[in-house]
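What follows is each chain in one-letter form.
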Amino acid sequence: MTKLQLSDVAAAPVPTLAHSDAPPAPPARRRRWLPFSPWHLVLIPLTFLLIVPLLWMLVTSLETEGEANRFPPVLLPERPRFENYSEAWAAAPFGHFFLNSALVTLVVLLSNLVVCSLAGYAFARIRFLGRGALFVTLMATLMVPFQVTMIPVFLIVKWFGDNVWAGLGIDHIGALMLPNLATAFGIFFLRQFFQTVPVELEEAARVDGTSRLGVLFKIVLPLSLPALSTLAALTVLTSWNDFLWPLIVITSHDQMTIPLGLSYFQGAHRVKWPLLMAANVMSLLPMLLVFVGAQRYFVQSVASTGLKG
Amino acid sequence: MPEDAPARRPFVVLRGLGRGESVTGWALVSPAVVLIGVFGLLPVLMSLQLSFQKSDLLTPETPWVGLENYRKLADDPVFVEAIKHTIIYTALFVPGTMLVGLFVAAALNRSVRFISVYRTAAYITMAVSTISQGIIFLWLTDRDYGLVNAALNAVGAPSQPFLASPSQALYVIVAMTIWGWTGFSVIVYLAALQGVPAELHEAAAIDGASAATRFRTITVPLLGPANLFLVVWLTINALQLFDEVYATTRGGPLRATTVIVYYLWDRAFVQFDAGYAAAMAYALFVVILVITAVQFRLARKHVHTS
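Residues numbered from 1 in each chain as written. Chains lettered and ligands numbered in written order. Predicted model: local features only at pLDDT ≥ 70, side-chain atom pairs only at ≥ 80, totals over all residues.

Pulling in residues and values, what's your account of the packing of helix 8 (residues 169–194) of chain B against helix 11 (residues 224–239) of chain B?
Residues and elements named next belong to chain B. In the contact formed by helix 8 and helix 11, the axes pass within 10 Å of each other and the chain directions differ by 160 degrees. Comparing the axis directions of helix 8 and helix 11 gives the class roughly antiparallel. Crossing angle aside, the handedness with which helix 8 passes helix 11 is right-handed. Across the interface between the two elements, Trp181, Ser185, Val188, Tyr189 and Ala192 of helix 8 pack against Ala226, Phe229, Leu230 and Leu234 of helix 11. The residue inventory of the contact of helix 8 with helix 11, partitioned by class, reads eight nonpolar, one polar and no charged. (Axes fitted to C-alpha atoms, helices over the stretch in contact; angles between N-to-C directions. Helix = DSSP H or I, 4+ residues; strand = E, 2+ residues; numbered from the N terminus. Parallel < 35°, antiparallel > 145°, perpendicular 65-115°, else oblique. Left-handed = near helix turned anticlockwise from the far one by under 90°. Contact = placed C-beta atoms within 7 Å. Nonpolar A, V, L, I, M, F, W, Y, C, P; charged D, E, K, R; others polar.)

Before we move on, could you go through the interface of chain A and chain B and cite the residues and values that matter?
A common way to express how large an interface is: the accessible area buried when the components associate. Counting residues at the interface gives 84 residues for chain A, matched by 81 residues for chain B. A total of eleven residues in the side of chain A that touches chain B trace back to one element, the largest contributor, which is helix 2 (residues 40–60) of chain A. Of the residues belonging to the side of chain A that touches chain B, the class tally is 62 nonpolar, 17 polar and five charged.

Can you explain helix 8 of chain B? Please cite residues and give values.
Residues and elements named next belong to chain B. With 26 residues, helix 8 should reach 38 Å at 1.5 Å per residue; the first-to-last C-alpha distance of 37 Å fits that figure. Along helix 8, the helix axis deviates most sharply at Trp181, where the bend reaches about 45 degrees. With 21 of 26 residues buried, helix 8 is to be regarded as a mostly interior element. (Expected span 1.5 Å × (residues − 1). Bend = angle between axes of the 7 residues up to and from the residue. Buried ≥ 20, exposed ≤ 12 C-beta atoms within 10 Å, placed from the backbone.)

I'd like to hear about unusual backbone geometry, residue by residue, with values.
In this chain, Phe71(A) is followed by Pro72(A) through a cis amide linkage whose omega measures 0 degrees. Its place among the elements puts Pro72(A) in the loop between helix 3 (65–68) and helix 4 (83–91). The linkage connecting Gly252(B) with the following residue, Pro253(B), adopts the cis geometry, with an omega of -15 degrees. Turning to its location among the elements, Pro253(B) is positioned in the loop between helix 12 (243–248) and helix 13 (260–270). The backbone of Phe114(B) sits at a positive phi, close to 65 degrees, despite the residue not being glycine. As for its position among the elements, Phe114(B) is in the loop between helix 4 (77–108) and helix 5 (115–123). In this structure Phe114(B) comes out as partly exposed when scored by C-beta crowding, with 14 C-beta atoms within 10 Å.

So what about the confidence of the model for chain B? Which residues, and what values?
Residue and element names in this part refer to chain B. Across chain B, the average pLDDT comes to 88, with 92% of residues at or above 70. Mean pLDDT in chain B bottoms out at helix 1 (residues 4–17), which sits at 46, and peaks at helix 12, which reaches 96. Of the regions scoring below 50 in pLDDT, residues 1–18 engages in five contacts with residues more than four places distant in sequence or in other chains. Scored as a complex, the prediction yields pTM 0.86 and ipTM 0.86. (pLDDT = per-residue confidence, 0-100.)

Provide a residue-level description of helix 11 (residues 212–223) of chain A, including the pertinent values.
Along its twelve residues, helix 11 of chain A runs 16 Å from first to last C-alpha, staying within 8% of the 16 Å computed at 1.5 Å per residue. Packing partners of the buried residues in helix 11 of chain A comprise helix 5 (94–125), helix 9 (184–194) and helix 10 (199–207) of chain A together with helix 2 (21–50) of chain B.

Could you give me a rundown of the domain arrangement of chain B, with the residues and numbers involved?
Its domain assignment divides chain B into domain 1 (4–50) and domain 2 (70–302). The straight-line distance from the C-alpha centre of domain 1 of chain B to that of domain 2 of chain B is 40 Å. (Domains from an automatic or database assignment.)

What follows is the structure, encoded as structure tokens:
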């Protein structure tokens, strides 16, 4: 059946008197040779090709080892073997990995939101001695690649572990949180947004005697939820998938985060592909669900990484 | 009394905004200053100091060696090789990711049914961790049982060793990371394409410009800022390639995929030669700064940012 789609109606040009002598809109839209837009014939294969690696991971995770080690490959397992998942789960402390990743991400996220909000607000609104120089100095760290700082940060974290609290030191998840509690990007990003909040709203409250902190938490932050969500999405993604830093500081299995734990699991089960793929699916699932659920904010976070800055 | 109030209030506000605000300002920024100072700024200086020393990260003795570490860099065949691999990788990865991203974004830039499903499928590679990617591509390109070799055989081509081959491994990593960055580049390009005013296209179409001409003369120039952002951002990330190499080849076979950061990590945290690694990191830092500056300089001439 030929069904007119809403999108076609929206895209159809509105006829006006002024353009009556202009040629009519491209006729292809009306004379349809398919009951759906021909673009689907491009988009379906294209997006399928893009997610083939993920689909193949899923298929392999449900095969027996015999099926995986056959060539040409078995495209669909005879009977999905869900035991791969329970066996993978039992073969490494995945519970620890998930818990550690969740803890590290949560602490890093909350700390970034609070610390960057406070600093971003001060840089956006308060005139204080040395503000300009301080801002430039902090932003300069954005240009420094992590490889330059990682060796000294290793030494600093080791010092914290030896002198302050062992839980912050080498081979503890505290070491994964400590260097990432605030980022210059977060400050920059929130400052830019706070500057767009109408200052009159704040002045009214200030006149009524509300403190700077009160204004920030009662007026500015509630108006900045889109920006905070975008920063949150970026922080969660970066923190959850971080690999190099955990690789450097963590060696005990019970302190590993998911990417590091998965890498360790890979080393231990090198060619047991169904088991490896089951572990891979499990490790990807939380982030994929979060990503699909909050896609809008992830998309915004990419656009705001560079296009506005 | 009521007449006095409006005159006094601005004064109160002014005083609030002026005197005493330095204390408030510094109080609000202090947590960030301490954290970024200790973990962002201090390490830059420590790293510079370390690059003039000999250090194994464990013993407290770190004797000064002057410029020795930097001099060693120039004579280190592995470092020279790593630079070569990094350059090849970057030169292929950056344009490759941009082309794929632009192509997919152009296909996704229309309003058909289920377009949000298609877009999600394209974006999703962004959420896949680098280690997961590595494991998936090891399996996809397996020389004996891999899906890619099955596809090659199906069209009559012979199986390839891919990541097991010194002459192919780096290119497989290029393809793999292009896939991993597709979601990112599609988002950037799609945002840019949606910013192209439809009226421009309509006007040009009425004047008889073909779709190809319109893309070249209207769309491409308006993509300038997106191109600049991607070139800079992807180059910075390409020069820092590590995870994907670690997850697949560990720099092999025969060091064919040993890139700068992989070698740096190996020197610092496997061979415990931290002073030398710090010198390498500083060399990388300078290279990134110079390349980024050159890219912005070139962009100022060629990119329209209005």
